[in-house]
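Coordinate analysis (summary)
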Amino acid sequence: MSVSVQEVMGSAATTSVQYSFPVNQWYVAALAWELKEKPVGRTLLNKPVVLFRTADGKPAALENRCCHRALPLSDGTVEDGGIRCGYHGLLFNDAGKCIEIPGQDKIPSKAKVPAYHVTERDQIVWIWFGDDEHPEPLCEPPAYNVHSSGKYLFDGDVYHYDAPYQLIHDNLMDLSHLGYVHLRTIGGNASIHMTAKMTVESENDVVRVIRHMPASVPPPTYTAAYPFKDKVDRWQEIEFHVSHLRIWTGAMDAGEDSLSNPERGGFHMRGFHGVTPESDTTSHYFWTIATNPKSDPEVVKQKVVEQTKMTFDEDKVVIESQYKNMCRFGALPMIDIHVDTGANRARRIVEQLRTVKL
Amino acid sequence: MSVSVQEVMGSAATTSVQYSFPVNQWYVAALAWELKEKPVGRTLLNKPVVLFRTADGKPAALENRCCHRALPLSDGTVEDGGIRCGYHGLLFNDAGKCIEIPGQDKIPSKAKVPAYHVTERDQIVWIWFGDDEHPEPLCEPPAYNVHSSGKYLFDGDVYHYDAPYQLIHDNLMDLSHLGYVHLRTIGGNASIHMTAKMTVESENDVVRVIRHMPASVPPPTYTAAYPFKDKVDRWQEIEFHVSHLRIWTGAMDAGEDSLSNPERGGFHMRGFHGVTPESDTTSHYFWTIATNPKSDPEVVKQKVVEQTKMTFDEDKVVIESQYKNMCRFGALPMIDIHVDTGANRARRIVEQLRTVKL
Amino acid sequence: MSVSVQEVMGSAATTSVQYSFPVNQWYVAALAWELKEKPVGRTLLNKPVVLFRTADGKPAALENRCCHRALPLSDGTVEDGGIRCGYHGLLFNDAGKCIEIPGQDKIPSKAKVPAYHVTERDQIVWIWFGDDEHPEPLCEPPAYNVHSSGKYLFDGDVYHYDAPYQLIHDNLMDLSHLGYVHLRTIGGNASIHMTAKMTVESENDVVRVIRHMPASVPPPTYTAAYPFKDKVDRWQEIEFHVSHLRIWTGAMDAGEDSLSNPERGGFHMRGFHGVTPESDTTSHYFWTIATNPKSDPEVVKQKVVEQTKMTFDEDKVVIESQYKNMCRFGALPMIDIHVDTGANRARRIVEQLRTVKL
């Protein structure tokens, strides 16, 4: 099984191939704490993969198929030497080489499965597939020091989406839906969200959407977590990378500091959002939310995580309903409105990276 | 998404198109009491539609897809001005025109969704789609004064069928199955049902099947609802219209009056059956049952409705099993028996109306 | 609906047709005790069949489709004269002839459904379909006197598999997986299973795999059922027939007798395994397990049956997961190991019998 590819016919000089996803990227394969004693089976970019830790704690990723009788290796068990198939006991090391066939002395050289590049960094397990020209990573996986700086408490989860990855990008790049979808949690006043001044910048493959909402009424999640005096100056900063987004939001007492000061105080919610295609039509959504409680740190963190879960549950309902309806109606034209600027710029980047010139 | 169409090749003079359903008809879209505060999303004749009431209480029907990002409008909320999308808050009036884009002054002229003709009459909400030549209704929607005369108490429900609409027609046009499928409720004696004299008449697009069963033992539903002395003269009158049927049945004490007298007394059960294709292979079934209790009107009505529900549940099991088996076996020939006369005549009418000459 | 057939192109002299299954075989249709008052609907070799008993207790099998309106006959009722359709009451005898149409005197000659050859033998109901050349059975159905000798207590069950029949063959022909899949029950020591000497013999369409494991530690199921002194001499004898397998296993106190003596004593578990394709991708698995308790016969039998169920549940999980993964990955090459000898020989026999020369 390979990544879906659509050949784009062109003149001899411009023939190109369009992948379903940008493939020369590090994608999130797992959150670090998912990989414990049991192996994890997960399809990523149309490739079924088994993830596990080796004896020294490093993550490993193999094609999730025993080369003997095709059982998923994720049905097997993790041992010091690697992963053992749950049917006839073949043992594979982290390079995919079969190192034991119970009851048989000779191990044929064909007894092996493909292995993939995985690296754990800042509690995120990243995987690189690459196209045929780039099986080796072109760069280091991204850092995310919110997880390792010690300044924040955080937690997170993995959601499965019956929707293609770009609909999740669209949702995350536009926070104006907060006023309609997330009234109960982080929404606040719809018209303030809609009329807030929005700045959209981009540089290489990164897009930034920034919105400042001075003198806002703080939404329920905020007041539950932080002792604001009254109105707040609120910010939302979205940074789109091809395989993940950082959404850093927060608020401070109105007038306390400049909204543009990166060192400003107040209440922070720093969200990490890894969006990894499972298939052309389904996705994995790996998220963490980090915060800086003023007091009762564990209690406040729990509250923030709970509220965030509620919010993401609401998004999931909307996005899956949207995709189901898109399937129902087929490719009808859509109209754009003012809130789509950031999402559309992200889409152009993805579009470009999906297309590989031959 | 449009109505499925199959081109029928023919000579130049007789080229015609075959729709999956007769399209130039009023179909039942909803029972009046279904449309409350929340919008109703429902696919009718392969078209996903959102149904709601405007501020003045009139029903409205739009294509169930926001023109911005394709969310079903039925996920949104009904307001005085129309229906508001649950994602980014676009507001559409009952003509499908977008009349508000939150945070944006100018509304592009393309911001609109198709609207359909709907009319409420006698507590039934009717919808007209029509073919390309007949987008405007060719007639008024049908009256059903059993719902408005004040002589009857009634209630009803909507069932979803995993079976195409014509199998429901077949079932309703032939009441001889009562003796096998509905023994516990309205069935009565199988052989009486099977040997009862049956009259089949038709006129234009209407078919009538009439059966009289004099001196019958009244079935459980009847005796539970009405104080019959002993045996009864029983009638069944089925009137097929292309998009709905009326099945008026009842009984009076044997010999009390002529079975042919439309003003005859006794116990009446007047059934309305709206059969609206959802897709080529699935259907909506809107039914009401009205009766004229002699005493304890609410109690008796409840009993009649309950028994009717049980009966229709039994039919649903049979019809869905039948359709599943038809799919399993494919297009094998069927044999006809004496009870099929009415149903076959209805099928010929539908066949004719599905075919539109070009 | 007919058995799936794939035409194999060849030279004029060797043109042949490849069926999905060997069709000129007796297959298990039911365990005797499944056929009680209610008819059983079951698809066998892609043919939907209704099974029932006639007034004299003999099994009958008809195409599971009323010739009137296609309802499955298995939704109907068994009567002395045959089986009556649950929709309009047509009655069919065990030859498939319609012998009553309620309310209609004349029965058209076309009113009939296909009937199949079924025979009950040793509490197994066998069915013969045959190809177009061999609609009549070419032999008697197999005997299985473990069910009738009186020496054993037994019970069994029917499992439905979302996997094609040959994956079940593979599993049954190789008992080396016991050490990995069935540790909790009949597994025992993995390395003993894997290194046990295995003999594979074949003769016509029968394959025998025999393994002797002298001086083994008896596994949990064995010690629960039989008072072994200490270590045991253990045997596994698998006999593959095209439509079913016999797996006779057991153990006696180490050194008690020769493992090759067919009259040896000790603890016996005699398994019958009817593997009948439902479709190209799904299967029925009819199994019984018989044993010879030393004391507390009913209690011990119950224990053995329970443990066997647990074992077969484990196999089902593995095999269905294996098949799902094969579908995920498509036709990738597999490697063979030492344990595959028996299964591969069985596959060659099936391959040969599926191919019919024209």
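From a predicted model like this one, the values you see are computed outputs, not experimental measurements.

**Digging into the overall build of chain A**
- In terms of regular secondary structure, chain A is built from six helices and 20 strands.
- Over its C-alpha trace chain A gives a radius of gyration of 23 Å, about what one expects of a compact globule, namely 21 Å for 358 residues.
- By its C-alpha atoms, chain A is 75 × 55 × 35 Å across when sized along the principal axes.
- Counting over 358 residues, chain A shows a buried share of 46%.
- Within chain A, residue pairs in contact and separated by at least 24 positions form 56% of the contacts whose partners lie at least 6 positions apart.

**Observations concerning the sheet that holds strand β3 (residues 26-31) of chain C**
Residue and element names in this part refer to chain C.
- With antiparallel pairing, six strands are arranged side by side in an open sheet as β3-β12-β11-β6-β5-β4. Since the sheet does not close on itself, it has two edges, and those belong to β3 and β4 (40-44), each with one partner. Each neighbouring strand pair of the sheet contributes to a mean axis angle of 35°, computed without reference to strand direction.
- Judged from the five bridges that link them, β3 and strand β12 (residues 124-128) form a sheet pairing that is antiparallel. If you follow Trp26 over to β12, its bridge partner there is Trp128.

**Digging into the interface of chain B and chain C**
- Contact residues are listed per partner, giving 22 residues for chain B and 21 residues for chain C.
- Among the secondary structure elements, those contributing two or more residues to the side of chain B that touches chain C are α2 (178-181), α3 (190-195) and α5 (297-329) of chain B.
- Grouping the constituent residues of the side of chain B that touches chain C by class yields eleven nonpolar, ten polar and one charged.

**Thoughts on the domain arrangement of chain A**
Residues and elements named next belong to chain A.
- Along its sequence, chain A is carved into domain 1 (5-128) and domain 2 (145-357).
- With 19 residues of domain 1 in contact, the opposing surface of domain 2 contributes 22 residues.
- Where the side of domain 1 that touches domain 2 is concerned, the elements lending two or more residues are β2 (16-19), β3 (26-31) and β4 (40-44).
- Along the lines of polarity and charge, the residues of the side of domain 1 that touches domain 2 split into eleven nonpolar, seven polar and one charged.

**Let's talk about the nonpolar core**
- Core analysis: the largest hydrophobic core is formed by 251 residues, its most contacted members being Ala29(A), Leu51(A), Ala29(B), Ala29(C) and Leu51(C).
- The residues contacting Ala29(A), other than those within four sequence positions of it, are Arg42(A), Leu44(A), Leu51(A), Ala61(A), Val118(A), Val125(A), Trp126(A) and Ile127(A).

**Some words on the relation of the copies chain A and chain C**
- For these two chains of identical sequence, chain A goes onto chain C by a turn of 120° and a shift of 0.0 Å along the axis, with RMSD 0.1 Å. Both copies of the chain, as the preceding transformation shows, are related through a three-fold rotation axis. Looking at the rotation axis and the C-alpha trace of chain A, the residue lying nearest is Asp162(A), at 14 Å.

**Remarks on the sheet that holds strand β16 (residues 232-241) of chain A**
Residues and elements named next belong to chain A.
- Within the open sheet, the seven strands sit side by side as β13-β19-β18-β17-β16-β15-β14. Their pairing is antiparallel. Every other strand in the sheet has two partners, leaving β13 (153-161) and β14 (198-203) as the edge strands with one partner each. Neighbouring strand axes in the sheet, compared pairwise and without regard to direction, differ in orientation by 15° on average.
- Bridging between β16 and strand β17 (residues 244-253) involves ten bridges; their strand directions are antiparallel. Looking at β17, one finds that Arg234 is bridged to Ala251.

**Remarks on the interface of chain A and chain C**
- With 21 residues of chain A at the contact, the number on the chain C side is 22 residues.
- Looking at the side of chain A that touches chain C residue by residue, the class counts come to eleven nonpolar, six polar and four charged.

**Details of the environment of Ser202(C)**
Residue and element names in this part refer to chain C.
- Looking at the secondary structure, you find Ser202 in strand β14 (residues 197-203).
- Judged by the 15 C-beta atoms lying within 10 Å of it, Ser202 is partly exposed.
- Ser202 has contacts with Val207 and Arg345, leaving out every residue within four places of it along the chain.

**Description of the confidence of the model for chain A**
All names here are of chain A.
- Mean pLDDT over chain A: 91, with 93% of residues reaching 70 or higher.
- Note that pLDDT drops below 50 for residues 1-5; the model gives that stretch 15 contacts with residues more than four away or on any other chain.
- This stretch, residues 7-11, has a pLDDT under 50; its non-local contacts, to residues over four places away or in other chains, come to six contacts.
- Scored by ipTM, the complex comes to 0.91, with pTM at 0.92.

**Quick look at the packing of helix α1 (residues 165-173) of chain C against helix α6 (residues 341-354) of chain C**
Residues and elements named next belong to chain C.
- Viewed as axis vectors pointing N to C, α1 and α6 meet at an angle of 145°, and their least axial separation amounts to 8 Å. Relative to α6, the crossing made by α1 is right-handed. Packed against α1, whose contacting residues are Gln166, His169, Asp170 and Met173, the element α6 presents Gly342, Ala343, Ala346, Arg347 and Val350 at the interface.

**As for the pairing of strand β15 (residues 206-216) of chain B**
Residue and element names in this part refer to chain B.
- Two strands pair when backbone bridges link them, and strand β14 (residues 198-203) and β15 are joined in this way by six bridges, in the antiparallel orientation. In the sheet register, Thr199 faces β15, and the bridge partner there is Ile210.
- Count of turn residues in the β14/β15 antiparallel hairpin: two residues, of which Asn204 carries a positive phi of about 50°.
- Examined bridge by bridge, β15 and strand β16 (residues 232-241) share eight bridges and lie antiparallel to one another. If you follow Arg211 over to β16, its bridge partner there is Gln236.

**Comments concerning unusual backbone geometry**
- Positive phi values are uncommon outside glycine, yet Ala215(B) reaches one of about 55°.
- With respect to the element layout, Ala215(B) can be found in strand β15.
- With phi around 70°, Asn46(C) is a residue other than glycine that occupies positive phi space.
- Residue classification places Asn46(C) among the partly exposed residues on the basis of 19 C-beta atoms within 10 Å.

**As for the pairing of strand β18 (residues 267-277) of chain C**
All names here are of chain C.
- Most of β18 is tucked away: eleven of the eleven residues are buried.
- Neither face of β18 is left uncovered, since the one carrying Phe267, Met269, Gly271, His273, Val275 and Pro277 and the one carrying His268, Arg270, Phe272, Gly274 and Thr276 both have all their residues buried.
- Two elements, strand β17 (residues 244-253) and β18, share eight bridges in a ladder whose sense is antiparallel. The partner of His244 across the bridge, within β18, is Gly274.

**With respect to the packing of helix α1 (residues 165-173) of chain B against α5(B)**
All names here are of chain B.
- Contact geometry of α1 with α5 gives a least axis separation of 10 Å together with a crossing angle of 130°. Here α5 runs oblique to α1, going by the angle between their axes. The hand of the α1/α5 crossing is right-handed. Across the interface between the two elements, Leu167, Ile168 and Asn171 from α1 touch Asp315, Ile319, Gln322 and Tyr323 from α5.
- Within the contact of α1 with α5, the residues separate by chemical class into four nonpolar, two polar and one charged.

Cut-offs and rules
Residues numbered from 1 in each chain as written. Chains lettered and ligands numbered in written order. Predicted model: local features only at pLDDT ≥ 70, side-chain atom pairs only at ≥ 80, totals over all residues. Helix = DSSP H or I, 4+ residues; strand = E, 2+ residues; numbered from the N terminus. Rg over C-alpha atoms; globule rule 2.2 N^0.38 Å. Buried ≥ 20, exposed ≤ 12 C-beta atoms within 10 Å, placed from the backbone. Contact = placed C-beta atoms within 7 Å. Pairing = 2+ DSSP bridges. Axes fitted to C-alpha atoms, helices over the stretch in contact; angles between N-to-C directions. Nonpolar A, V, L, I, M, F, W, Y, C, P; charged D, E, K, R; others polar. Domains from an automatic or database assignment. Core = buried A, V, L, I, M, F, W, Y, C linked by C-beta atoms within 7 Å. Least-squares fit on C-alpha atoms with pLDDT ≥ 70 in both. pLDDT = per-residue confidence, 0-100. Left-handed = near helix turned anticlockwise from the far one by under 90°. Parallel < 35°, antiparallel > 145°, perpendicular 65-115°, else oblique.

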